[in-house]
Amino acid sequence: MSRFSDLYWWELKKIWRRRITKLALVVMAFLAAISVLGDALFYNNSDGDSENINGYTQIQRRAEASRSISGRVIDDAMLDDMRAAIDTSEQAAMQYEGLYEYIWSLYGDDDATYASDAEAMYQERLDGVHRLWNLQSLTDGEKAYWQQKEAGISPFRWQYAEGFIQILISENVINMLLLFLLAICLPSVFAEEHQRKTDQLILCSRFGRQKLYGAKLLAGVTFGGLSAVLLEVITCVLSLWLYGADGFDACMQMITAECSWTMTAGQAAILAMGLVLVLAVLYSVLAMFLVKLLKNSVAVLGIMTGTFLLCLFVRPPYNMRVLARLYALLPPNLLVDRMLTNDCLYHVFGNYLTSWQLIPVVYAVAVVVMAWIGGRLYRRYQVTGR
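Residues numbered from 1 in each chain as written. Predicted model: local features only at pLDDT ≥ 70, side-chain atom pairs only at ≥ 80, totals over all residues. Heavy atoms only, no water.

*Asks:* Which residues make up the packing of helix 3 (residues 55–67) against helix 13 (residues 211–243), and what are the values?
*Replies:* Between helix 3 and helix 13, the least distance of the axes is 9 Å, while the angle of their chain directions is 65°. Relative to helix 13, helix 3 is oriented roughly perpendicular. The residues of helix 13 that touch helix 3, namely those facing Tyr56, Ile59, Gln60 and Arg67, are Trp241, Leu242 and Tyr243. When the residues that make up the contact of helix 3 with helix 13 are grouped by side-chain class, the tally is 5 nonpolar, 1 polar and 1 charged. (Axes fitted to C-alpha atoms, helices over the stretch in contact; angles between N-to-C directions. Helix = DSSP H or I, 4+ residues; strand = E, 2+ residues; numbered from the N terminus. Parallel < 35°, antiparallel > 145°, perpendicular 65-115°, else oblique. Contact = heavy atoms within 4.5 Å. Nonpolar A, V, L, I, M, F, W, Y, C, P; charged D, E, K, R; others polar.)

Printed below as a string of structure tokens:
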């Protein structure tokens, strides 16, 4: 075992010592930080009295105003207070700015937003949920599953939860940054042997055919996991520092109206962070598998990033049920805004599972298969590679 641990630490050091690794990690960490701090650093506004307000001050003012009404049930009394505040002054209306924007997202009309009562608002939201179910061609069983979830959602409370909302938004960015980072840094773990023509010598050595492959694979997965943790720490710390840690128990419907999840905003943020770690393992093994298959690190980068970007913009129609559900399991669709409104379910052994419940199992199988095939390719290359 000590032999394996020596190989593992040596391979991990080799990954870290490459200049491209350090440069890529610094760039991705910087982009992750900017994705959170962008509004605070680059946004400027005027309060109507010729005073320019920087982004940080605007965020803090809005947070303070929104916290003053946080925790109230959205009912007719609260909506009456919102209308009275709007009629009073811009300063008074700031308290209800987030609530007004939420109701406006349901109607898409200022007059309807201003005049709405609580019953009409909840019904408008539910009508939008039902339209989404029909658009996604859900079966009667799937609709019944979500109908049970919806039964305990309304009415809900208005809560300030911008910190956790920003964490969820940041997961979209981390998903892309992590893929680019690992596609750049990890192919060289195996490609370097072919480029330097040392693969024959390594594979003929005492530990070259079995233990070295496992050490390289584990080192790559370790680097991917640590990179994911670093990006998560950066975005989470900055989000909670800038926007506050309020609203862990805020309902998801205040973040995305058509979402039927019964978990809270804080629980959704934890789930998203866990899925990022799953993605880190998948991307790590995928990058090292493809380089064994293609023997070219540039091709690996092109395939991984190109396929990721293609999946962001091309999607099959929902009426192609099998294809649409397979597509929902692809890594680009772990972007939170798509997951929150994806109500397609998977009927497995008599139970309905959501995509985020099934994804860890599917990805675990994919990782094992790629690791096994990659191991066979690695061991056989000594014979067929020349």
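Next comes the rest of the write-up.
*Asks:* Give a detailed account of the nonpolar core, specifying residues and quantitative values.
*Replies:* Judged by nonpolar contacts, the single largest core of 81 residues is most densely connected at Leu178, Leu186, Met252, Trp261, Tyr283 and Met304. Contacts of tryptophan 261, omitting those with residues within four sequence positions, involve Trp146, Ile153, Met252, Gln253, Ala268, Leu271, Met339, Leu340 and Trp356. Formed by 22 residues, the second largest nonpolar core is a distinct cluster that contains Ile69, Met82, Tyr122 and Met254. (Core = buried A, V, L, I, M, F, W, Y, C linked by side-chain atoms within 4.5 Å. Buried < 20%, exposed > 50% of the residue type's maximum accessible area, 1.4 Å probe, protein only.)

*Asks:* How would you sum up the side chain of serine 170? Please name residues and give values.
*Replies:* With respect to the helices and strands, serine 170 occurs in helix 10 (residues 162–185). Classification of serine 170 as buried rests on a relative accessible area of 2%. Beyond its immediate stretch of four places on either side in the chain, serine 170 contacts Ser35, Val36, Thr235 and Ser239.

*Asks:* Break down unusual backbone geometry for me, with residues and values.
*Replies:* Between serine 154 and proline 155 the backbone carries a cis peptide bond, its omega angle lying at -10°. In this structure, proline 155 sits in the loop between helix 9 (140–150) and strand 4 (157–158). Not every positive phi belongs to a glycine, and serine 137 is a case in point at roughly 55°. If you trace the backbone, serine 137 turns up in the loop between helix 8 (118–135) and helix 9. For serine 137, a relative accessible area of 26% puts it in the partly exposed group.

*Asks:* Break down the side chain of serine 260 for me, with residues and values.
*Replies:* Checked against the element boundaries, serine 260 lands in the loop between helix 13 and helix 14 (265–294). Within the structure, the side chain of serine 260 is placed 2.7 Å from the side chain of glutamate 150, a separation counted as a polar contact. Sequence-distant contacts of serine 260, that is, excluding residues within four places in its chain, are made with Val129, Trp133, Trp146, Lys149, Glu150, Ile153, Gln253, Leu340 and Asp343. (Polar contact = N/O pair within 3.5 Å; in protein donor to acceptor, adjacent residues only side chain to side chain.)

*Asks:* Quick rundown of the environment of alanine 77? Include the residues and the values.
*Replies:* On the secondary structure map, alanine 77 appears in helix 4 (residues 76–88). Separated by 142 residues in the primary sequence, alanine 77 and alanine 219 place their C-alpha atoms 58 Å from one another.

*Asks:* Residue-level account of the pattern of salt bridges, with values.
*Replies:* Pairs can form between side chains of opposite charge whenever their charged atoms are close. Scanning the model with the defined rule gives 10 salt bridges in all. Measuring nitrogen to oxygen at the nearest pair gives 3.6 Å for the salt bridge that ties lysine 14 to glutamate 11. Here the residue lysine 14 and the residue glutamate 11 both occupy positions in helix 1 (residues 2–17), the gap between them amounting to 3 residues, near one helical turn. Since its relative accessible area comes to 23%, lysine 14 is described here as partly exposed. A residue is classified by how much of its surface remains accessible, and glutamate 11, at 4% relative accessible area, is buried. A salt bridge links glutamate 101 to arginine 62, with the shortest nitrogen-to-oxygen separation between them at 2.8 Å. Pair noted here: glutamate 101 is in helix 6 (residues 97–107) and arginine 62 is in helix 3, with a separation of 39 residues, a long-range link. (Salt bridge = Lys/Arg side-chain N within 4 Å of Asp/Glu carboxyl O.)

*Asks:* Outline helix 10, listing residues and values.
*Replies:* Between its first and last C-alpha atoms helix 10 spans 34 Å; for 24 residues at 1.5 Å apiece the expected length is 34 Å, and the two agree. The largest bend in helix 10 is about 25°, located at valine 173. (Expected span 1.5 Å × (residues − 1). Bend = angle between axes of the 7 residues up to and from the residue.)

*Asks:* Give a description of the packing of aromatic side chains that names residues and reports values.
*Replies:* Within this structure, the stated rule accounts for 8 aromatic pairs. Geometrically, the ring pair formed by phenylalanine 164 and phenylalanine 248 is edge-to-face, given 5.5 Å between the ring centres and 80° between the ring planes. In this pair, phenylalanine 164 sits in helix 10 while phenylalanine 248 sits in the loop between helix 13 and helix 14, placing the two residues 84 residues apart along the sequence. An aromatic cluster is defined as three or more aromatic residues linked by ring pairs; in this entry it consists of Tyr102, Tyr122 and Phe156. (Phe/Tyr/Trp six-rings, centres within 6.5 Å; stacked < 30°, edge-to-face > 60°.)

*Asks:* Lay out a negative patch on the surface in plain terms, naming residues and giving numbers.
*Replies:* On the surface, Asp75, Asp76, Asp117 and Glu119 cluster together into a negatively charged patch. Looking at the element boundaries, aspartate 75 is found in the loop between strand 3 (72–73) and helix 4. A residue is classified by how much of its surface remains accessible, and aspartate 75, at 30% relative accessible area, is partly exposed. (Patch = residues over 30% accessible without salt bridge, like charges linked within 9 Å, V, L, I, M, F, W, Y side chains within 5 Å. Areas by Shrake-Rupley, 256 points an atom, 1.4 Å probe, with all protein chains shown as cover. Lys, Arg positive; Asp, Glu negative; His and termini not counted. Charge placed at Lys NZ, Arg CZ, Asp CG, Glu CD.)

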